[in-house]
Amino acid sequence: MEYTKKELGSYNLHLIKTDLYKTITVKIFFREEALKENITKRNFLARILMLATKDYPSKVELTKKEQDLYAVNIAGTNRRIGNYLDTSISLRVLNDKYTEPGNFRKSLELLNSIIFNPKVEHNSFGDLEFDIVYEEYKNDLKRLVEDKMTYALMRGLEESFPSSVTGYRGIGYLEDLEKITKENLYEYYQNVIKHNYVDIFVLGSFDEEEMTNLIREIFPINTYKKKALPTLVARKENSKVKVVTENIESSQDNLIITLNTLGLTDYERNYPLSLLNVILGGGTESLLFNEVREKKSLAYTISSTPNKLDNIIIIRGGISSGKSKEAIKIIKKILKDLASGKFDDDLVKKAKEYYTSALDDIIESALQIIESYYMIELLGVDDIETKREKMQKVTKEEIIAVARKTSINTIYILEGRENSGESNT
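Residues numbered from 1 in each chain as written. Predicted model: local features only at pLDDT ≥ 70, side-chain atom pairs only at ≥ 80, totals over all residues. Heavy atoms only, no water.

K.L.:
Any chance you could explain the sheet that holds strand S1 (residues 2-7) here in plain terms?
P.N.:
Sheets are built from strands that pair by backbone hydrogen bonding, the pairs being arranged parallel or antiparallel. Read across the sheet, six strands follow the order S1-S2-S6-S3-S5-S4 without closing on themselves; strand pairing throughout is mixed. Unpaired on one side and paired on the other, S1 and strand S4 (73-81) mark the two borders of the sheet. With strand direction ignored, the average angle separating the axes of adjacent strands in the sheet is 15°. Both S1 and strand S2 (residues 12-17) contribute to a ladder of six bridges, which runs antiparallel. Bridge pairing in S2 links Lys6 to Leu13. Contacts between helix H8 (residues 208-218) and the sheet are confined to S1, S2, strand S3 (23-33) and strand S6 (197-204), with S2 contributing the most and set at about 145° to the helix. Contacting S1, S2, S3, S4, strand S5 (84-94) and S6, helix H14 (residues 366-379) runs over the sheet at an angle of about 35° to S3. (Pairing = 2+ DSSP bridges. Helix = DSSP H or I, 4+ residues; strand = E, 2+ residues; numbered from the N terminus. Axes fitted to C-alpha atoms, helices over the stretch in contact; angles between N-to-C directions. Contact = heavy atoms within 4.5 Å.)

K.L.:
What should I look at first to understand empty space enclosed by the protein in this one?
P.N.:
It is the rolling of a water-molecule-sized probe over the atoms that shows where space remains empty. Counted under the stated rule, the structure contains one cavity of 30 Å³ or more. Looking at the largest cavity, its volume works out to about 100 Å³. Every residue along the wall of the largest cavity is listed here: Phe30, Arg42, Leu45, Ala46, Leu49, Thr87, Ile89, Ile115, Tyr189, Val192 and Ile193. Broken down by element, the lining of the largest cavity gets its largest block of residues, four residues, from helix H1 (residues 36-49). Residue classes in the lining of the largest cavity are distributed as nine nonpolar, one polar and one charged. (1 Å grid on protein atoms, 1.4 Å probe; cavity = no way out; pocket = protein on both sides within 12 Å on 5 of 7 lines; lining within 4 Å. Points joined across faces, edges and corners; volume = space filled by probe spheres on them. Nonpolar A, V, L, I, M, F, W, Y, C, P; charged D, E, K, R; others polar.)

K.L.:
Can you walk me through the layout of surface pockets in this structure?
P.N.:
The computed volume of the second largest pocket comes to approximately 270 Å³. In this structure, the second largest pocket is lined by 15 residues; those nearest its centre are Leu287, Glu291, Lys295, Ile334 and Asp337. Residue classes in the lining of the second largest pocket are distributed as five nonpolar, two polar and eight charged.

K.L.:
Teacher, can you tell me more about the packing of helix H10 (residues 272-281) against helix H13 (residues 345-363) here?
P.N.:
Each pair of packed helices can be summarised by the angle the axes make with each other and by the distance between the axes. Closest axis-to-axis distance for the H10/H13 pair is 9 Å, and the angle between their directions is 110°. As the angle between them shows, H10 and H13 are arranged roughly perpendicular. For the pair H10 and H13, the contacting residues are Ser274, Leu275, Val278 and Ile279 in the first and Leu347, Val348, Ala351, Lys352, Tyr354 and Tyr355 in the second. Along the lines of polarity and charge, the residues of the contact of H10 with H13 split into eight nonpolar, one polar and one charged. (Parallel < 35°, antiparallel > 145°, perpendicular 65-115°, else oblique.)

K.L.:
Teacher, can you tell me more about the side chain of Thr231 here?
P.N.:
Looking at where Thr231 falls in the secondary structure, it is placed in the loop between H8 and strand S7 (242-249). Residue Thr231 is classed as buried on the basis of its relative accessible area of 9%. Not counting residues up to four positions away in its chain, the partners in contact with Thr231 are Ile81, Gly82, Asn83, Tyr84, Leu309, Leu378 and Leu379. (Buried < 20%, exposed > 50% of the residue type's maximum accessible area, 1.4 Å probe, protein only.)

Any link to function would need more than the numbers given here.
Dropping the structure here:
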């Protein structure tokens, strides 16, 4: 795999040459400061761009064009990465050697049309597309509570970090949706195109010079760069553990525990923390899975996930109704034992094997490889092979040191009650 980064004035071009795939994957990232008032607009924008362009003014015509280009796949996603809102639009298409000359170029032109030539008239998005997205998005927001674990995670983060970007709802807010118009959405679109940071990644088998010239020609990107923000979210120690219980009609409890990971070095964040999380709740060999689910039969599911950019670990569990307090007691003991070094050396070995397997999985996915290089761009982290080598050298003592820098921030329980009626916090 051969990686080259080129700074092309208003954006960065990242070329990843490999013969692993028959496809060429292009992914364009737009990112800006994570402001709460922009989350819903950004989600709305990502949806409406996929419905029509001036060149293909209906979803039917757009889909037909995608099929004509040997079923090119184009998709858009939104997320928050640390202090940034990040929108990515990806294209995956068969290399021309498996289709016909010029197919890749035509696919890039379609991607350009979707991003830079949306269906707009009189500085306003179209009525039909706007109304379709508005109704679908409104229904999604109203149905949030139906997915109990997703709702619990959202509420748990809100309660844990009420004044931080970490507590923002990634899906957006109904009250903000109601403020969006066709006109102010287009105004926001213009701001994104003109002022966001932009990175373009291309992965596949290609000639570097030809690809560089093609990207320059097709994508008219001329953004004005603002001063970059730190990607990592600053976090302070809370004075005491916050406990919040909310009742909802459900056959089980949904438990969210947020943990602060404070004062970590870059090395600790990227290596010992990863292994600590695998040991804590990263799979079927983890302490949470075995102690809470297998031995005590308190949970249907339980796991933990590190959010390194937010300096937290999130424990989430689907707990037997009324058993959350018992589960929390066990979880607290597990965290204490980890900080005291009371865990088997064999767990460290298994965690390294688990991590190595996860790295192998990255190689199997073009989009995951791009994501890995994007994190190198944002955070300066190591490449995949360097990660593999360094992870093998992590010691148990280093994992313990990170465990000692970990503490509970908030315990949130979405307590299931049969026919509980109105929920209350």
